[in-house]
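Structural overview for review
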Amino acid sequence: MIFPRMAFLLCVCAMGLASAGVRAQSVVRVDGSSTVFPISEAAAEDFQIARREKRLRVTVGMSGTGGGFKKFCMADASLRVDVTGASRPISTGEMAACRAAGIRFIELPIAFDAVTIVVSKRNPLESISIEDLKKIWEPAAQAKIFNWRQVNPAFPDRALKLYGPGTDSGTFEYFTEAAVGRVKASRGDYTASEDDNVVVQGVSRDNSGLGYLGYAYYAENTDKLKALAISPAVGKPAVLPSEQSVMDGSYVPMSRPIFIYVNAEAAGKRPEVRDFVEFYLKHAGAFAREVKYVPLRDVDYAQVLENFGRLRTGTAFEGHSEIGVKVAELLKREVKE
Amino acid sequence: MQEPDLLAIRAIITRHKRWDLFFGVLGICCLMVGVLTLVALFVDMWSSGAERLSLDFLSSFPSRRAGQAGILAAWVGSVLVMLVTASFAIPLGVAAGVYLEEYAPKNWLTDIIEINVSNLAGVPSIVYGLLGLGMFVYTFGLGRSILTAGLTLALLILPVVIVVTREAIRAIPQMIREASYACGATTWQTVRDHIVPYSSAGILTGVIIGMARAIGETAPLIVVGAVTFIAYLPPVPFTGEPAAGLFDWAREAFTVLPIQMFNWTARPDAAFHANAAAGLVLVAMTVGMNALAIWLRYRLRKNIKW
């Protein structure tokens, strides 16, 4: 009879599996934010090609900034990741978790992401001020602001339909802080999606739509979407998001640096981790451009590499993001753990 | 007197036949909702992804360049995870089903177990993910590995396997058991030589339904720690330096097809959306499993005569 024999085989298989051992590994484990993922993936891909003869291996996960820090600060070394990507600085709670597990980290900015405000190509609007954005998105606007004209008399008289990322996203967090003034303070009656492509679809098909998303999603869809120039205050000149304006710091307050955090002990003791991070930083500008992010200036990359070389541990932040921060200044700040 | 009666009866018959026709059409419409949705999905997937399907696509690792990206790591991961799932879920599920039908005394404890098993079949998959994370990753220290993923999915489909096993066993006529016992067979002999072989066709169907559910799961695997980018395969037993053990592949990091597909469709670069052709491979794998089940069932049924 075929069936008992098959069952027997499966039982043997199951027992063997349960007793399988772990091989000594030289895998560099990367995890973290989905915003940083494309750059980390590019680094992992090219690193493995460049070090083919050494058979060095890199895995990249995508658990989000918070999920990444959780795996980064884990007490059990076999489950810990060596590098985590973050679209915001490490929070005080996460710092405490790392401290409790005895983990010291190196904070390295690797590129810029710019939150881009988009409308349909058929919308005549060209620019918008932060005040107007606040009027549209603040919690008090919920169930009240339904027309462009309610926001600003100069705007067209048509219905206002809103699209944006879901509340777990780093883009949501940064946008609310930069536009509304308080983290995660937003109206709730908008079309929210964890997938930014939904915002692209929605706004491109909706004449009266307005949405915000990461710069890469705009850059890949310039044929369907129009980005609005942003003026940081009424009367100040409005600036369009572009590689130039983000790099020279004039696209404020909607651009932010994104980071990788590296386990200092792993970087010090495991040559493959150190090798990978150096490779990452040396090529970060090219990778960032390729996946449509904005690179840092070359001098800043040199400084980041130097900071990593000295294993300069700690964060330059106070446990939350800062609006309109300059990377050059960030890299020279006192750090603390 | 007779003529009008016949007319009335004919009218009734016509009316009833109209209802018959109406219900038939309604039934076909209902069927079409499901079938057409599937066809539309498949055609959409085919038209956007068919050009990407090639040997290269199946044999290369993921890449940030859409044209070079492949699903080697993902489909190998899916196959290995399914292998582990089958190795645990089938023996455990079938044994549990056999116990509940043939051995378990009919008392309140058995009733509670039965109710629980049925309820477990409806628990959302993410809950199994959390269970797998807590139990296999943190408590047993199995790591974020193929083994953990396979075990988690085995738990997920276990209730389905148990329930279907019991249904299949119940379909065996009572006289078979009685004949077996009358010849002096023990319960174990009856189970081994009669119950399991005769119900194996039904059990297989259930196993395949469970596996088809498991192969499409994403959420619990992300929770237990599947990675998204991986560009190497688990070690083949007895190869490499130092030689890998027979089951060392089970402790490696992994990704699976649905995760890879989700990652590609969420990308800004539209060129990646065509790579969701991976979905075609996933569908092909499911169809392949179903075909295998049907073939096995046919073979097994041929041997049963009662």
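Criteria and cut-off values
Residues numbered from 1 in each chain as written. Chains lettered and ligands numbered in written order. Predicted model: local features only at pLDDT ≥ 70, side-chain atom pairs only at ≥ 80, totals over all residues. Heavy atoms only, no water. Helix = DSSP H or I, 4+ residues; strand = E, 2+ residues; numbered from the N terminus. Expected span 1.5 Å × (residues − 1). Buried < 20%, exposed > 50% of the residue type's maximum accessible area, 1.4 Å probe, protein only. Arc of directions from axis to C-beta. Contact = heavy atoms within 4.5 Å. pLDDT = per-residue confidence, 0-100. Domains from an automatic or database assignment. Buried area = accessible area lost by both parts, 1.4 Å probe. Salt bridge = Lys/Arg side-chain N within 4 Å of Asp/Glu carboxyl O. Pairing = 2+ DSSP bridges. Disulfide = S-S within 2.5 Å. Polar contact = N/O pair within 3.5 Å; in protein donor to acceptor, adjacent residues only side chain to side chain. Nonpolar A, V, L, I, M, F, W, Y, C, P; charged D, E, K, R; others polar.

Looking at helix H13 (residues 298–309) of chain A
All names here are of chain A. Helix length check: H13, at twelve residues, gives a terminal C-alpha distance of 16 Å against a target of 16 Å (1.5 Å per residue), a fit within 8%. Turning to H13, its buried residues number three or more, namely Asp300, Tyr301, Gln303, Val304, Asn307 and Phe308. All buried residues of H13 fall inside an arc of 160° around its axis, so they share one side. Facing away from the buried side of H13 by over 90 degrees, the exposed positions are Asp298 and Val299. The inward-facing, buried residues of H13 contact strand S4 (105–120), strand S11 (255–263), helix H11 (264–269), helix H12 (271–290) and helix H14 (327–332).

A look at the confidence of the model for chain A
For chain A, mean pLDDT is 88; residues scoring 70 or higher make up 93% of the total. Confidence scores differ between elements of chain A, with helix H1 (residues 2–18) of chain A showing the lowest mean pLDDT of 63 and H12(A) the highest of 95.

Quick word on the domain arrangement of chain A
Residues and elements named next belong to chain A. Segmenting chain A into domains produces domain 1 (4–10 + 22–113 + 256–330) and domain 2 (116–240). Computed over C-alpha atoms only, the centres of domain 1 and domain 2 are separated by 31 Å. Both sides together, the interface formed by domain 1 and domain 2 hides about 960 Å², and carbon and sulfur atoms give 54% of it. Summed over the three residues of domain 1 that lose the most area to domain 2, namely Arg256, Lys292 and Ile323, the buried surface amounts to 55% of that side. For the pair domain 1 and domain 2, the interface holds two salt bridges. Of the charged contacts, one joins Glu220 and Lys292 as a salt bridge, the two residues approaching to 3.6 Å between their closest N and O atoms.

Considering the pairing of strand S8 (residues 209–214) of chain A
All names here are of chain A. In terms of burial, S8 is a largely internal element, six of the six residues being buried. Two strands pair when backbone bridges link them, and S4 and S8 are joined in this way by five bridges, in the antiparallel orientation. Bridge pairing in S8 places Val115 opposite Gly214. Relative to S8, strand S6 (residues 161–165) is paired through three bridges, and the arrangement is parallel. Residue pairing for S8: Leu162 is matched across the bridge by Leu210.

A look at the state of the cysteines
A full pass over the atoms with the stated rule returns one disulfide over all chains. Here Cys73(A) pairs with Cys98(A) through a disulfide, and the sulfurs are 2.1 Å apart. Between Cys73(A) and Cys98(A), the S-S torsion sits near -65°, and that sign places the bridge as left-handed. Of the two residues, Cys73(A) sits in the loop between helix H3 (64–72) and strand S3 (83–86) while Cys98(A) sits in helix H4 (residues 92–100), which places them 25 residues apart along the sequence. The exposure class of Cys73(A) is buried, given its relative accessible area of 8%. What makes Cys98(A) buried here is its relative accessible area of 0%. The thiol of Cys30(B) is unpaired, and the distance to the nearest cysteine sulfur, on Cys29(B), comes to 6.9 Å.

Description of the interface of chain B and chain A
Of the residues lining the interface, 48 residues belong to chain B; the matching set on chain A comes to 40 residues. Between chain B and chain A lies a buried interface of about 4100 Å² when both sides are counted; carbon and sulfur atoms form 62% of it. The tally of links between chain B and chain A comes to six salt bridges. The shortest N-O distance in the salt bridge between Arg64(B) and Glu290(A) comes to 2.9 Å. Applying the counting rule to chain B against chain A returns eleven residue pairs in polar contact (both at pLDDT 80 or more). Mapped by element, the contributors of at least two residues to the side of chain B that touches chain A are helix H3 (72–103), helix H5 (125–139), helix H8 (187–215), strand S1 (229–230), helix H10 (257–265) and helix H11 (278–302) of chain B. It is H3(B) that provides the largest number of residues to the side of chain B that touches chain A, a total of six residues. A breakdown of the residues in the side of chain B that touches chain A according to their chemical character gives 30 nonpolar, ten polar and eight charged. Relative to S1(B), strand S2 (residues 57–60) of chain A runs antiparallel, the two sharing two bridges. Residue pairing for S1(B): Val60(A) is matched across the bridge by Phe229(B).

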